[in-house]
Amino acid sequence: MHVHQEYLLQLCASLTTLLCLCLCAAPKMLWHKKIKALRCYLLVLGWLGSLLLFLSYWQVETEIPHVSPPIMRNSDKLNHASPPLQHQDKNRLKKIMKHCNPPERIQKHTEGAVHHPYKLTGILIAFRHGDRGPLIQVRNISTIHCGHRDFDKNYYNRFLTDIKNASKENAFTNFLGPFVKYPLYPSSTMCTIGHLTSQGIAQHLTLGKILKSIYFNDMHLLNPDFKSDDVIVHCTKFRRTFQSLMAFLYAFLPSFNMTRIRLNSSKNVHFCNNDCHCEKIGYYDQKHDTEKHEYRKSHPGIIELVKKINPLIKAHALSPDITNPSVIRDVLLTYVCHNSPLPCRFNCVGIEDVSSLLSFEEWEAKQKRTTSQRRGAKLKSYGLLKSIVSYMDAMIGDEKPKVVIFSGHDKTLKSLLDSLGVPSYQAPYYASRVIFEVYQNTSSQGVTPNYKSDYHFRVIFNGKDLTKFLPFCKSVVIKQLKSGNVKKGSISLCPVETLSRYIKGDYFLEFNVNSFKAACKK
């Protein structure tokens, strides 16, 4: 019997004894008063008896000899039911990790591989922001640790210290302009929706160091005392693109003086400038979504896989279903890229499920570009390509700017590559980059009446030369890359004039019009 029940019995006995003593000690008390006292005693005793009966019933109901184990919470299952990633298929895990693009994987490839008689005149860099949390609310997102790992920890900490100190100066505040209220780096070690992680910072510190070594240390494009009009920077108004840019500039510039550069904000992820409004973009996007839906219908296994994973990752039972494989892939990479156990509930997501989603995405990316996809991309990226041509002309005529940077998104790079007519490419990872290198052929300088014909460019995506794949460009292979006797690609150049003619003339041929305005209304 519980302690509180024993206590109540003792209390009843004490009250009975007390009443008997009182009645015996007061022989002269009138009988009606004695009866009244007895009645009060009986009422109190009845109340205590009822309470004792209730507690006895409660004891029988709760003291079950064999208690069933408690239902495990989702967070418990996430941490304990799913096997650690390092214990899963290592070959699959290795292939998946390339999609995370960890800092140690970012390396120099064919950037800056053009030499005499070609002289580097300028570069234009468009990159995707670094690693971030998922774009939607998912189950147990707060359990995923997104803090900094040990990769290049000293350099990472130096960046934090220097950027904090610089932010106290008035000149730095003026440089930030429209981004002045944005935090300069991620402050949380937890994954948060759509925000950059510490790994995203590390990715862009690594990328910045590599490109600095190529273009400044080796090719001497900029000196430490560069001027304010030598570097122009554009950034979309998202915290993740801004923080990625800060890390990149810190590692990339010859000297840490960001106040010398011009920082411009873009409200559009495609940097369309004055060529943003277009009625037809929504039409082509909707048509392309229908085409992608048909792709998925031809892969019933993917549809079933999405149905299986959806209840395991959505935030609540009443949350909208997640039916897009790309969204699910994005969510699952948050777990994998941060070495967190894959989500579990009634069953678990396996590493083979993530692999299947990524394989489907790679297959989808290699399909021939449909008319709606290509046209939609051309309309989105027209303003950006116009800016690129304009900057190239300035690099040729005024020798300024030397460097132009666009800090954007995967959509930025996809539409840009599609608008250039690149037939297929790997979906842009975090911190992916597209680089336009502009060169002058010094051996023919002054020989031709049109000096622009001395200038060429090349397009590099994540270190791979894509110039020869541009359909509008009659590229010239100037170098064959080999490993022993095995060909490993080539270095090609394309005349700057061809890109200019493409944008001003042939760009809208497939629309049967000759201007952006007409293509948007037709």
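Residues numbered from 1 in each chain as written. Predicted model: local features only at pLDDT ≥ 70, side-chain atom pairs only at ≥ 80, totals over all residues. Heavy atoms only, no water.

**Looking at helix H10 (residues 300-313)**
Point 1. Here H10 is 14 residues long and its end C-alpha atoms lie 20 Å apart, about the 20 Å a rise of 1.5 Å per residue gives.
Point 2. Every buried residue of H10 is accounted for by Ile302, Leu305, Val306, Ile309, Asn310, Leu312 and Ile313.
Point 3. Buried residues along H10 sit in contact with helix H11 (325-337) and helix H12 (351-365). (Helix = DSSP H or I, 4+ residues; strand = E, 2+ residues; numbered from the N terminus. Expected span 1.5 Å × (residues − 1). Buried < 20%, exposed > 50% of the residue type's maximum accessible area, 1.4 Å probe, protein only. Contact = heavy atoms within 4.5 Å.)

**Side note on the confidence of the model for the protein chain**
Point 1. Per-residue confidence for the protein chain gives a mean pLDDT of 83; residues scoring 70 or more make up 80%.
Point 2. Looking at the elements of the protein chain, mean pLDDT is at its lowest for helix H3 (residues 74-80), recorded as 42, and at its highest for strand S4 (residues 403-408), recorded as 98.
Point 3. A low-confidence stretch, residues 1-9 (pLDDT under 50), is modelled with 16 contacts involving residues beyond four sequence positions or located in other chains.
Point 4. In this model residues 18-28 is a low-confidence stretch, pLDDT under 50, and it forms six contacts with partners more than four residues away in sequence or in other chains. (pLDDT = per-residue confidence, 0-100.)

**Describing the packing of helix H9 (residues 279-297) against H12**
Point 1. Between H9 and H12, whose axes approach to 12 Å, the crossing angle comes to 130°. Regarding the angle of H9 to H12, the classification is oblique. Judged by the sense of rotation from one axis to the other, the crossing of H9 with H12 is right-handed. On H12, the residues touching Lys292, Tyr295 and Arg296 of H9 are Phe360, Trp363 and Glu364.
Point 2. A class-by-class count of the residues in the contact of H9 with H12 yields three nonpolar, no polar and three charged. (Axes fitted to C-alpha atoms, helices over the stretch in contact; angles between N-to-C directions. Parallel < 35°, antiparallel > 145°, perpendicular 65-115°, else oblique. Left-handed = near helix turned anticlockwise from the far one by under 90°. Nonpolar A, V, L, I, M, F, W, Y, C, P; charged D, E, K, R; others polar.)

**A word on empty space enclosed by the protein**
It is the rolling of a water-molecule-sized probe over the atoms that shows where space remains empty.
Point 1. Scanning all chains against the criterion turns up four cavities of 30 Å³ or more.
Point 2. Lining the largest cavity we find Arg296, Pro325, Ser326, Arg329, Leu357, Phe360, Glu361 and Glu364.
Point 3. At the level of elements, H11 and H12 are the ones that each hand at least two residues to the lining of the largest cavity.
Point 4. The element that contributes the greatest number of residues to the lining of the largest cavity is H12, accounting for four residues.
Point 5. Classifying every residue of the lining of the largest cavity gives three nonpolar, one polar and four charged.
Point 6. Empty space within the second largest cavity amounts to approximately 40 Å³.
Point 7. In terms of lining, the second largest cavity is formed by Pro103, His148, Arg149, Phe151, Ser198, Gln199 and Ala202.
Point 8. Of the residues contributing to the lining of the second largest cavity, the split by class is three nonpolar, three polar and one charged. (1 Å grid on protein atoms, 1.4 Å probe; cavity = no way out; pocket = protein on both sides within 12 Å on 5 of 7 lines; lining within 4 Å. Points joined across faces, edges and corners; volume = space filled by probe spheres on them.)

**So, the pairing of strand S3 (residues 262-266)**
Point 1. By the bridge criterion, five bridges tie strand S2 (residues 231-236) to S3 in an arrangement that is parallel. Bridge assignment links Val233 to a residue of S3, and that residue is Leu263.
Point 2. Read as a crossover between parallel neighbours, the route from S2 over helix H8 (residues 239-252) to S3 is right-handed. (Pairing = 2+ DSSP bridges. Right-handed = clockwise from strand over helix to strand, strands pointing away.)

**A word on the side chain of His270**
Point 1. In this structure, His270 sits in the loop between S3 and H9.
Point 2. Judged by relative accessible area, which is 9%, His270 ranks as buried.
Point 3. In contact with His270, other than residues within four places in its own chain, are Lys380, Leu384, Lys411, Thr412 and Ser415.

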